[in-house]
Amino acid sequence: GTNWQVTNHTPVSGHNYFMYKGSTANRRYYAGVSGANDTLLSSTRSPAANTLWALPMPVPRITKFDIISFNITTASTSGNSRAGIYYDNGNCYPGTLIFDTGSIETSSASGVRNTTITSNLQVFPPGLYWLVYEQDTSTGQIRCLPASGGTLTPLGIGSSMGLSTGYGWSVAHTFGTLPDPFTGSGTELNASPSVSAPIPAIALRPI
(Lines give C-alpha, C1' and ligand atoms only; values in the text may rest on other atoms or scores of the structure.)
Protein backbone atom coordinates (compact mmCIF):
# COMPACT_ATOMS: atom_id res chain seq x y z
CA GLY A 1 0.00 0.00 0.00
CA THR A 2 3.01 2.34 -0.08
CA ASN A 3 4.40 1.84 -3.57
CA TRP A 4 2.47 3.38 -6.46
CA GLN A 5 3.06 3.19 -10.17
CA VAL A 6 1.49 6.06 -12.16
CA THR A 7 -0.03 4.67 -15.36
CA ASN A 8 -1.71 7.82 -16.64
CA HIS A 9 -1.89 11.56 -16.08
CA THR A 10 -4.88 13.74 -16.85
CA PRO A 11 -3.49 16.50 -19.09
CA VAL A 12 -3.53 19.96 -17.57
CA SER A 13 -5.70 21.98 -19.91
CA GLY A 14 -8.01 24.94 -19.78
CA HIS A 15 -9.53 23.94 -23.11
CA ASN A 16 -13.07 22.69 -22.58
CA TYR A 17 -12.13 20.69 -19.50
CA PHE A 18 -15.72 21.11 -18.44
CA MET A 19 -18.39 20.52 -21.09
CA TYR A 20 -22.14 20.89 -20.93
CA LYS A 21 -23.11 17.32 -21.77
CA GLY A 22 -26.20 15.40 -22.74
CA SER A 23 -28.58 15.01 -25.67
CA THR A 24 -31.05 17.36 -23.96
CA ALA A 25 -28.37 20.03 -23.58
CA ASN A 26 -27.53 19.36 -27.25
CA ARG A 27 -24.41 21.56 -27.27
CA ARG A 28 -21.52 21.57 -29.73
CA TYR A 29 -17.82 22.19 -29.12
CA TYR A 30 -15.86 23.08 -32.21
CA ALA A 31 -12.25 22.45 -33.15
CA GLY A 32 -9.54 25.05 -33.54
CA VAL A 33 -10.53 27.47 -30.78
CA SER A 34 -9.51 27.87 -27.16
CA GLY A 35 -13.00 27.88 -25.69
CA ALA A 36 -13.07 31.67 -25.42
CA ASN A 37 -16.29 33.55 -26.07
CA ASP A 38 -15.94 33.74 -29.85
CA THR A 39 -18.85 33.85 -32.28
CA LEU A 40 -18.74 31.73 -35.41
CA LEU A 41 -18.97 33.64 -38.68
CA SER A 42 -20.88 32.96 -41.90
CA SER A 43 -18.56 32.79 -44.86
CA THR A 44 -19.08 35.01 -47.90
CA ARG A 45 -16.98 32.69 -50.05
CA SER A 46 -16.75 28.94 -50.29
CA PRO A 47 -13.87 27.00 -48.72
CA ALA A 48 -11.58 25.72 -51.46
CA ALA A 49 -12.99 22.61 -53.12
CA ASN A 50 -11.07 19.33 -52.95
CA THR A 51 -9.11 20.57 -49.94
CA LEU A 52 -9.01 18.68 -46.66
CA TRP A 53 -8.99 21.02 -43.66
CA ALA A 54 -7.79 19.71 -40.26
CA LEU A 55 -8.30 21.53 -36.95
CA PRO A 56 -7.12 20.51 -33.47
CA MET A 57 -9.51 19.24 -30.80
CA PRO A 58 -7.81 18.60 -27.42
CA VAL A 59 -9.77 16.28 -25.13
CA PRO A 60 -8.44 16.77 -21.58
CA ARG A 61 -10.30 13.89 -19.94
CA ILE A 62 -12.32 10.85 -21.02
CA THR A 63 -15.35 12.19 -22.88
CA LYS A 64 -18.10 10.60 -24.93
CA PHE A 65 -19.09 12.35 -28.17
CA ASP A 66 -21.95 11.02 -30.26
CA ILE A 67 -22.38 13.51 -33.13
CA ILE A 68 -20.09 15.44 -35.48
CA SER A 69 -21.58 18.58 -37.05
CA PHE A 70 -21.03 21.44 -39.47
CA ASN A 71 -23.39 24.18 -40.69
CA ILE A 72 -24.02 24.96 -44.35
CA THR A 73 -25.15 28.60 -44.55
CA THR A 74 -25.59 28.75 -48.34
CA ALA A 75 -26.45 25.56 -50.20
CA SER A 76 -24.23 24.70 -53.13
CA THR A 77 -25.62 24.56 -56.66
CA SER A 78 -24.68 20.89 -56.75
CA GLY A 79 -22.31 19.46 -54.25
CA ASN A 80 -21.37 17.36 -51.25
CA SER A 81 -19.41 17.71 -48.04
CA ARG A 82 -17.60 15.29 -45.78
CA ALA A 83 -16.21 15.40 -42.24
CA GLY A 84 -14.15 13.12 -40.08
CA ILE A 85 -12.00 12.56 -37.00
CA TYR A 86 -8.32 11.60 -36.73
CA TYR A 87 -5.97 10.67 -33.92
CA ASP A 88 -2.88 12.85 -33.58
CA ASN A 89 0.29 11.14 -34.83
CA GLY A 90 2.26 12.25 -31.76
CA ASN A 91 3.73 15.36 -33.35
CA CYS A 92 0.78 17.73 -33.83
CA TYR A 93 -0.29 16.25 -37.15
CA PRO A 94 -3.33 14.10 -38.02
CA GLY A 95 -2.51 10.41 -38.11
CA THR A 96 -4.86 7.42 -38.09
CA LEU A 97 -8.46 7.87 -39.20
CA ILE A 98 -11.11 7.27 -36.53
CA PHE A 99 -14.35 8.18 -38.30
CA ASP A 100 -15.54 9.25 -41.76
CA THR A 101 -19.06 10.66 -42.16
CA GLY A 102 -19.26 9.61 -45.77
CA SER A 103 -20.56 11.93 -48.48
CA ILE A 104 -23.23 14.38 -47.29
CA GLU A 105 -25.39 16.11 -49.91
CA THR A 106 -25.42 19.90 -49.41
CA SER A 107 -27.23 21.24 -52.46
CA SER A 108 -30.89 20.84 -51.44
CA ALA A 109 -30.94 23.24 -48.47
CA SER A 110 -28.79 25.09 -45.98
CA GLY A 111 -28.59 24.18 -42.29
CA VAL A 112 -26.76 21.98 -39.79
CA ARG A 113 -25.59 18.56 -40.92
CA ASN A 114 -25.30 16.06 -38.05
CA THR A 115 -23.75 12.62 -38.37
CA THR A 116 -23.85 10.02 -35.59
CA ILE A 117 -20.41 8.62 -34.78
CA THR A 118 -20.25 4.82 -34.82
CA SER A 119 -21.23 3.69 -31.31
CA ASN A 120 -17.99 1.88 -30.43
CA LEU A 121 -15.94 4.95 -31.42
CA GLN A 122 -17.75 7.50 -29.26
CA VAL A 123 -15.55 7.36 -26.14
CA PHE A 124 -12.45 9.55 -26.52
CA PRO A 125 -9.50 8.99 -24.14
CA PRO A 126 -7.56 12.16 -23.23
CA GLY A 127 -5.36 13.43 -26.03
CA LEU A 128 -5.19 15.54 -29.16
CA TYR A 129 -7.60 14.81 -32.01
CA TRP A 130 -8.16 16.46 -35.40
CA LEU A 131 -11.55 17.24 -36.93
CA VAL A 132 -11.53 17.48 -40.72
CA TYR A 133 -13.79 18.81 -43.47
CA GLU A 134 -13.86 18.87 -47.27
CA GLN A 135 -16.33 19.68 -50.05
CA ASP A 136 -16.45 19.05 -53.79
CA THR A 137 -17.95 22.35 -54.95
CA SER A 138 -16.82 25.96 -55.03
CA THR A 139 -20.29 27.41 -54.45
CA GLY A 140 -21.37 26.20 -51.00
CA GLN A 141 -20.73 28.39 -47.95
CA ILE A 142 -20.36 27.40 -44.34
CA ARG A 143 -20.19 28.57 -40.74
CA CYS A 144 -16.53 29.32 -40.13
CA LEU A 145 -13.99 30.15 -37.42
CA PRO A 146 -13.87 33.68 -36.01
CA ALA A 147 -11.42 36.13 -37.53
CA SER A 148 -9.56 36.92 -34.33
CA GLY A 149 -9.03 35.83 -30.76
CA GLY A 150 -9.16 32.44 -29.10
CA THR A 151 -7.54 30.36 -31.86
CA LEU A 152 -5.68 27.27 -30.65
CA THR A 153 -2.08 27.30 -31.85
CA PRO A 154 -0.58 23.84 -31.22
CA LEU A 155 1.92 24.34 -34.05
CA GLY A 156 3.58 27.27 -32.36
CA ILE A 157 5.33 30.14 -34.08
CA GLY A 158 8.06 29.92 -36.72
CA SER A 159 11.76 30.32 -35.96
CA SER A 160 11.67 33.82 -37.46
CA MET A 161 9.41 34.86 -34.55
CA GLY A 162 7.00 36.43 -37.02
CA LEU A 163 3.40 37.41 -36.42
CA SER A 164 1.62 34.21 -37.47
CA THR A 165 1.13 31.09 -35.36
CA GLY A 166 0.05 27.72 -36.71
CA TYR A 167 -3.42 26.46 -35.87
CA GLY A 168 -4.13 23.65 -38.34
CA TRP A 169 -3.40 21.97 -41.65
CA SER A 170 -4.76 21.80 -45.17
CA VAL A 171 -3.90 19.32 -47.90
CA ALA A 172 -5.11 18.74 -51.44
CA HIS A 173 -7.48 15.77 -51.59
CA THR A 174 -9.90 14.81 -54.34
CA PHE A 175 -13.28 14.57 -52.63
CA GLY A 176 -14.00 11.03 -51.51
CA THR A 177 -13.15 8.50 -48.80
CA LEU A 178 -10.90 10.14 -46.24
CA PRO A 179 -7.24 9.03 -46.41
CA ASP A 180 -5.95 6.68 -43.71
CA PRO A 181 -3.49 7.74 -42.48
CA PHE A 182 -3.89 11.46 -43.16
CA THR A 183 -1.99 12.69 -46.21
CA GLY A 184 1.52 13.88 -45.36
CA SER A 185 3.19 17.20 -46.16
CA GLY A 186 0.18 19.36 -45.37
CA THR A 187 0.25 23.14 -45.57
CA GLU A 188 0.27 24.88 -42.20
CA LEU A 189 -2.70 27.17 -41.55
CA ASN A 190 -1.32 30.39 -40.08
CA ALA A 191 -3.26 33.21 -41.76
CA SER A 192 -6.15 34.69 -39.79
CA PRO A 193 -9.44 33.15 -40.94
CA SER A 194 -12.07 35.49 -42.33
CA VAL A 195 -15.46 35.35 -44.04
CA SER A 196 -13.70 35.75 -47.40
CA ALA A 197 -11.02 33.16 -46.57
CA PRO A 198 -13.08 30.78 -44.41
CA ILE A 199 -11.81 27.95 -42.23
CA PRO A 200 -14.72 25.52 -41.65
CA ALA A 201 -16.12 25.10 -38.15
CA ILE A 202 -16.44 21.40 -37.28
CA ALA A 203 -17.96 20.42 -33.94
CA LEU A 204 -18.66 17.48 -31.64
CA ARG A 205 -21.55 16.95 -29.22
CA PRO A 206 -20.58 15.61 -25.76
CA ILE A 207 -23.08 13.35 -24.01
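Residues numbered from 1 in each chain as written. Predicted model: local features only at pLDDT ≥ 70, side-chain atom pairs only at ≥ 80, totals over all residues. Heavy atoms only, no water.

Draft legend 1. Layout of the environment of R45. By secondary structure assignment, the location of R45 is in the loop between β2 (41-42) and β3 (51-59). Not counting residues up to four positions away in its chain, the partners in contact with R45 are Q141, V195, S196 and P198. (Helix = DSSP H or I, 4+ residues; strand = E, 2+ residues; numbered from the N terminus. Contact = heavy atoms within 4.5 Å.)

Draft legend 2. The arrangement of the pairing of strand β10 (residues 127-135) in detail. Extensive coverage of β10 is indicated by the burial of seven of its nine residues. Note: β3 against β10, seven bridges, orientation antiparallel. Counterpart to P58 in the pairing with β10 is L128. Relative to β10, strand β5 (residues 80-88) is paired through seven bridges, and the arrangement is antiparallel. (Buried < 20%, exposed > 50% of the residue type's maximum accessible area, 1.4 Å probe, protein only. Pairing = 2+ DSSP bridges.)

Draft legend 3. View of unusual backbone geometry. Going from D180 to P181, the amide bond is cis rather than trans, its omega being 5 degrees. Within the secondary structure, P181 sits in the loop between β12 (168-172) and β13 (187-189). One non-glycine residue with positive phi stands out, namely S185, at about 60 degrees. In this fold, S185 is placed in the loop between β12 and β13.

Draft legend 4. Spatial organisation of the nonpolar core. Grouped together as the largest cluster of nonpolar side chains are 32 residues, with contacts concentrated most on L55, I68, I85 and L204. Apart from the residues lying within four places of it in its own chain, the contact partners of I85 are I68, L97, I98, F99, I117, F124, W130, L131 and L204. Among the nonpolar cores identified, the runner-up in size contains 12 residues, and L52, L97, W169 and V171 belong to it. (Core = buried A, V, L, I, M, F, W, Y, C linked by side-chain atoms within 4.5 Å.)

Draft legend 5. Examining the environment of G90 more closely. In this structure, G90 sits in the loop between β5 and β6 (94-100). Residue classification places G90 among the exposed positions, given a relative accessible area of 67%. Considering only alpha carbons, one finds G90 and P58, 32 residues apart in sequence, at a separation of 13 Å.

Draft legend 6. Structural view of the layout of surface pockets. In this structure, the largest pocket occupies an estimated 220 Å³ of space. For the largest pocket, the full set of lining residues is R28, Y30, L40, S69, F70, N71, V112, R143, A201, I202 and A203. When residues of the lining of the largest pocket are assigned to their parent elements, the largest contribution, three residues, is made by strand β4 (residues 63-74). The class makeup of the residues in the lining of the largest pocket is seven nonpolar, two polar and two charged. (1 Å grid on protein atoms, 1.4 Å probe; cavity = no way out; pocket = protein on both sides within 12 Å on 5 of 7 lines; lining within 4 Å. Points joined across faces, edges and corners; volume = space filled by probe spheres on them. Nonpolar A, V, L, I, M, F, W, Y, C, P; charged D, E, K, R; others polar.)

Draft legend 7. Representation of the side chain of T51. Summarising the element assignment, T51 is placed in strand β3. In this structure T51 touches Y133, E134, S170, V171 and H173, once residues within four positions along its chain are discounted.

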